[in-house]
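So you can see what is in the structure, the chains are spelled out below.
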Amino acid sequence: MIHLKLLASALAGTVVYVTVSVFAGQNGINSYKQLEKQKREISRQTSLIQNINDELILEKNALSNDRDVIAAYARKMDYVKEGETLVKITGLKPFEHTLYDTGSVLKRSEISYIPDDVCKILGVIFFFMTMALFLFIDFSNGNNPFVKKQKVNVVKGIPIYGGKQI
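Being a predicted model, the structure only gives us computed values, none of them experimental. (Residues numbered from 1 in each chain as written. Predicted model: local features only at pLDDT ≥ 70, side-chain atom pairs only at ≥ 80, totals over all residues. Heavy atoms only, no water.)

(A) Region of interest: the overall build of the chain. Looking only at helices and strands, one finds four helices and zero strands in the chain. Mapped from its N terminus to its C terminus, the chain presents α and β elements in the order α-α-α-α. Considering the chain as a whole, with its 166 residues, one finds that 13% of them fall into the buried category. When contacts within the chain are restricted to residue pairs at least 6 apart in sequence, those whose partners lie at least 24 apart make up 69%. Surface exposure of the chain reaches about 14,600 Å², of which carbon and sulfur atoms provide 63%. (Helix = DSSP H or I, 4+ residues; strand = E, 2+ residues; numbered from the N terminus. Buried < 20%, exposed > 50% of the residue type's maximum accessible area, 1.4 Å probe, protein only. Contact = heavy atoms within 4.5 Å. Areas by Shrake-Rupley, 256 points an atom, 1.4 Å probe, with all protein chains shown as cover.)

Set out below in structure tokens:
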């Protein structure tokens, strides 16, 4: 009977270890959800940076190929063509360099999980707790599982009283 209680306690400890590992362990469901959240954030940041890159490529192509765009930028920087006259009006702000949004720095956050050693310790603790519970129940019922019960010799055959046993 003690063997069955040991096996049941071991099963309970193993179930606790596996359950904690699956839900809160390093490769568990909680870690997976945290990684998925980081993946979505990285994808969002990547698409924003890709949009910025596309805009800069268009602007570069316009500056290298379109004379009107080049002339507009030159006028912003107070350059003039031959034959043009530059008139400066006081009170207007001078040319300011365009600041391009380069995206924001995205740092990887640490994934929180319960280490495997802690999961194993929880399983072992639960094993000892269930074994202690089984022993407590046995002792409270007046049974001592560590003392072997003596076998009662059973006489086989049909008892005949007052005569010889066969």
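(B) Molecular detail of the environment of Phe 126. Within the element layout of this structure, Phe 126 appears in helix α4 (residues 116-140). A relative accessible area of 32% means that Phe 126 is categorised as partly exposed. Setting aside anything within four residues of it in sequence, one finds Phe 126 in contact with Ala 12, Gly 13 and Val 16.

(C) Representation of the pattern of salt bridges within the structure. Counted by the stated rule, this structure contains four salt bridges. For Glu 41, the salt bridge goes to Arg 44, with nearest N and O atoms at 2.7 Å. In this pair, Glu 41 and Arg 44 are both assigned in helix α2 (residues 29-65), three residues apart and thus about one turn of the helix distant. Since its relative accessible area comes to 29%, Glu 41 is described here as partly exposed. Lys 120 is paired through a salt bridge with Asp 116; the nearest N and O atoms lie 3.4 Å apart. In this pair, Lys 120 and Asp 116 both sit in helix α4, four residues apart, roughly one turn of the helix. (Salt bridge = Lys/Arg side-chain N within 4 Å of Asp/Glu carboxyl O.)

(D) Quick peek at the packing of α2 against helix α3 (residues 67-76). Contact geometry for α2 and α3: axes closest at 6 Å, N-to-C directions at 95°. By the angle class used here, α2 and α3 are roughly perpendicular. Residues Glu 59, Ala 62, Leu 63 and Asn 65 of α2 form the contact with α3, whose own contacting residues are Arg 67, Val 69, Ile 70 and Tyr 73. (Axes fitted to C-alpha atoms, helices over the stretch in contact; angles between N-to-C directions. Parallel < 35°, antiparallel > 145°, perpendicular 65-115°, else oblique.)

(E) Structural view of the environment of Lys 5. Looking at the element boundaries, Lys 5 is found in helix α1 (residues 2-24). Taking relative accessible area as the criterion, Lys 5 reaches 14% and is therefore assigned buried. Note: C-alpha distance between Lys 5 and Phe 134 (129 residues apart in sequence) is 6.9 Å. Contacts of Lys 5, omitting those with residues within four sequence positions, involve Met 131, Phe 134 and Asp 138.

(F) The arrangement of the packing of α1 against α4 in detail. Direction vectors running N to C along α1 and α4 enclose 150°, while the axes themselves pass 8 Å from each other. One finds that α1 runs roughly antiparallel with respect to α4. Considering the relative orientation of α1 and α4, their crossing is right-handed. Listed contacts from α4 to Ile 2, Lys 5, Leu 6, Ala 8, Ser 9, Ala 10, Ala 12, Gly 13, Val 16, Tyr 17, Val 20 and Ser 21 of α1 are Asp 116, Cys 119, Lys 120, Leu 122, Gly 123, Phe 126, Phe 127, Thr 130, Met 131, Phe 134, Leu 135 and Asp 138. Grouping the constituent residues of the contact of α1 with α4 by class yields 15 nonpolar, five polar and four charged. (Left-handed = near helix turned anticlockwise from the far one by under 90°. Nonpolar A, V, L, I, M, F, W, Y, C, P; charged D, E, K, R; others polar.)

(G) Layout of α3. Two to three positions downstream of the cap, the backbone nitrogen of Asp 68 sits 3.3 Å from a side-chain oxygen, assigning the N-cap of α3 to Asp 66. Downstream of α3 by one or two residues, Asp 78 has phi in the positive range, about 70°. (Polar contact = N/O pair within 3.5 Å; in protein donor to acceptor, adjacent residues only side chain to side chain.)

(H) Expanded view of the packing of aromatic side chains. Counting across every chain of the model gives one aromatic pair. A centroid spacing of 5.1 Å and a plane angle of 65° characterise the contact between Phe 127 and Phe 128, whose relative ring orientation is edge-to-face. Using a relative accessible area of 53% as the deciding quantity, one classes Phe 128 as exposed. (Phe/Tyr/Trp six-rings, centres within 6.5 Å; stacked < 30°, edge-to-face > 60°.)

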